[in-house]
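Secondary and tertiary structure notes
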Amino acid sequence: MKRVSKPLNYAASEASPVSESAETRVTWRDFLTLAKPGILRSNLFVTLAGFWLASRWNIDWLNLLFTLAGTMLIVGASGVFNNYLDREMDTKMERTKNRALPTGKIAPSVVLTYGIVLGVLGLTILFAFCGVLTGICGAIGMFAYVVLYTMWLKRTSTWSTSLGGISGAMPPVIGYVAVTNTIDMGAVLLFLWMFLWQPPHFWALGIRRVEEYRAAGFPILPVVKGIRRTQWQMLPYIVLLLPVPILMYAYGYVGMIFTVASIAITVLWLFFAVKGLAKGQDPDAWGKKVFMYSIYYMMVTFLLMIIDTAH
């Protein structure tokens, strides 16, 4: 399919054939990009961590394979649906305007079908091979991201980031429940860990891209309430992360290495967040620094969780 120089009318793009060229032919990479591979990688990693925590080093490798495969497919489907539903708004943002849908490279009907296929396959694997409760957790995650977040709150409310965090908090729970087949304190603490991490992580990006989100019409907190208010609102989420590793240690899920290290790097994150409130701080530079730190924070803490999982 041929790329056009400006965004297509979507109805027209579905009805009109587009010729191919060597440079713009649709490839598997375009479909991989629709599934948001960066988000896929991070979600698979935390799913592995949840599975590992529940297994306590006694790994059922076949169960792990099915759990990761099912999670990969439903997370990918959620990303595809997000691209499909946001295709018009994506034309207004610098970082998204060159995606396959805004440029008309792939027809919306194809993308919608692709998302449905991924979602059905993913949920089938989770329900059939990982347990009904695991499948329900996966379905809740998809519903929260596609319907609650993308279709509703992202377009109407500053609560989109907080309540939309339900979807991002489900992958480690999926991994955990695939082993235990129950929702216990371990599942709850994993959910809280990811749920509390997401708002300050996303708001740092929102501060960096505030004008793009404003132009696209997304009512995120930095757009509606301003950068200063957003910086203040990040603090309680980071503070509330501090008791989580302590509780994980108290309930016997992890060792002291994870607990002490997690508390230390959470305090450091809090320090960087508070520093943004000082006069003379460049919001863009600060937002970039805190956003990148939040990514490393998540990866390091979950890696430590795997390493220091109690036997």
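This one's a predicted model, so the numbers in the text were calculated from it and none came from an experiment. (Residues numbered from 1 in each chain as written. Predicted model: local features only at pLDDT ≥ 70, side-chain atom pairs only at ≥ 80, totals over all residues. Heavy atoms only, no water.)

Right, let's get into the packing of helix H4 (residues 61-85) against helix H6 (residues 108-130). Across the interface, H4 lies against H6 with an axial gap of 8 Å and an inter-helix angle of 155°. In terms of orientation, H4 and H6 fall into the roughly antiparallel class. Both H4 and H6 take part in a crossing whose hand is left-handed. Of the residues in the contact of H4 with H6, the class split is 20 nonpolar, eight polar and no charged. (Axes fitted to C-alpha atoms, helices over the stretch in contact; angles between N-to-C directions. Helix = DSSP H or I, 4+ residues; strand = E, 2+ residues; numbered from the N terminus. Parallel < 35°, antiparallel > 145°, perpendicular 65-115°, else oblique. Left-handed = near helix turned anticlockwise from the far one by under 90°. Nonpolar A, V, L, I, M, F, W, Y, C, P; charged D, E, K, R; others polar.)

Let us now look at the side chain of Asp308. Within the element layout of this structure, Asp308 appears in the segment after helix H15 (283-307). It turns out Asp308 is buried and unbridged, and the closest side chain with the opposite charge, Arg56, is 11 Å from it. Residues in contact with Asp308, not counting those within four places in the same chain, are Tyr253, Val254, Gly255, Met256, Ile257 and Phe258. (Buried < 20%, exposed > 50% of the residue type's maximum accessible area, 1.4 Å probe, protein only. Lys, Arg positive; Asp, Glu negative; His and termini not counted. Salt bridge = Lys/Arg side-chain N within 4 Å of Asp/Glu carboxyl O. Contact = heavy atoms within 4.5 Å.)

A separate point is the nonpolar core. Counting residues in hydrophobic clusters, the biggest one holds 87 residues, and the most contacted among them are Leu53, Tyr213, Met248, Trp269, Tyr297, Phe302 and Met305. Setting aside its immediate chain neighbours within four residues, Met305 contacts Leu53, Leu190, Met248, Val254 and Phe258. (Core = buried A, V, L, I, M, F, W, Y, C linked by side-chain atoms within 4.5 Å.)

Across the protein chain, the average pLDDT comes to 89, with 92% of residues at 70 or higher. Element-level pLDDT for the protein chain is lowest in helix H1 (residues 10-15), with a mean of 32, against a maximum mean of 97 in helix H13 (residues 243-250). (pLDDT = per-residue confidence, 0-100.)

Let us look at a nonpolar patch on the surface. Taken together, the side chains of Ile183, Met185, Val188, Leu192, Leu247 and Tyr251 present a nonpolar region at the surface, about 490 Å² in accessible area. Here the element with the most residues in the nonpolar patch is helix H9 (residues 185-208); it accounts for three residues. Along the polypeptide, Ile183 turns up in the loop between helix H8 (160-180) and H9. (Patch = residues over 30% accessible without salt bridge, like charges linked within 9 Å, V, L, I, M, F, W, Y side chains within 5 Å. Areas by Shrake-Rupley, 256 points an atom, 1.4 Å probe, with all protein chains shown as cover.)

Our focus in this paragraph is the side chain of Asn43. As for its position among the elements, Asn43 is in helix H3 (residues 37-55). Residue Asn43 is classed as buried on the basis of its relative accessible area, which comes to 12%. Apart from residues no more than four positions distant in its own chain, Asn43 is found in contact with Val75, Gly168 and Pro171.

All right, on to the pattern of salt bridges then. What the rule picks out here adds up to six salt bridges. Two residues, Lys154 and Asp86, come together in a salt bridge whose shortest N-O distance is 2.5 Å. Here Lys154, found in helix H7 (residues 132-156), pairs with Asp86, found in the loop between H4 and helix H5 (87-90); they are 68 residues apart in sequence, far enough to count as distant. Note on accessibility: Lys154 and Asp86 belong to one class, buried. Asp284 is the partner of Arg208 in a salt bridge, and the nearest nitrogen-oxygen pair spans 3.9 Å. With a gap of 76 residues between them, Arg208 in helix H9 and Asp284 in helix H15 connect regions that are remote in the sequence.

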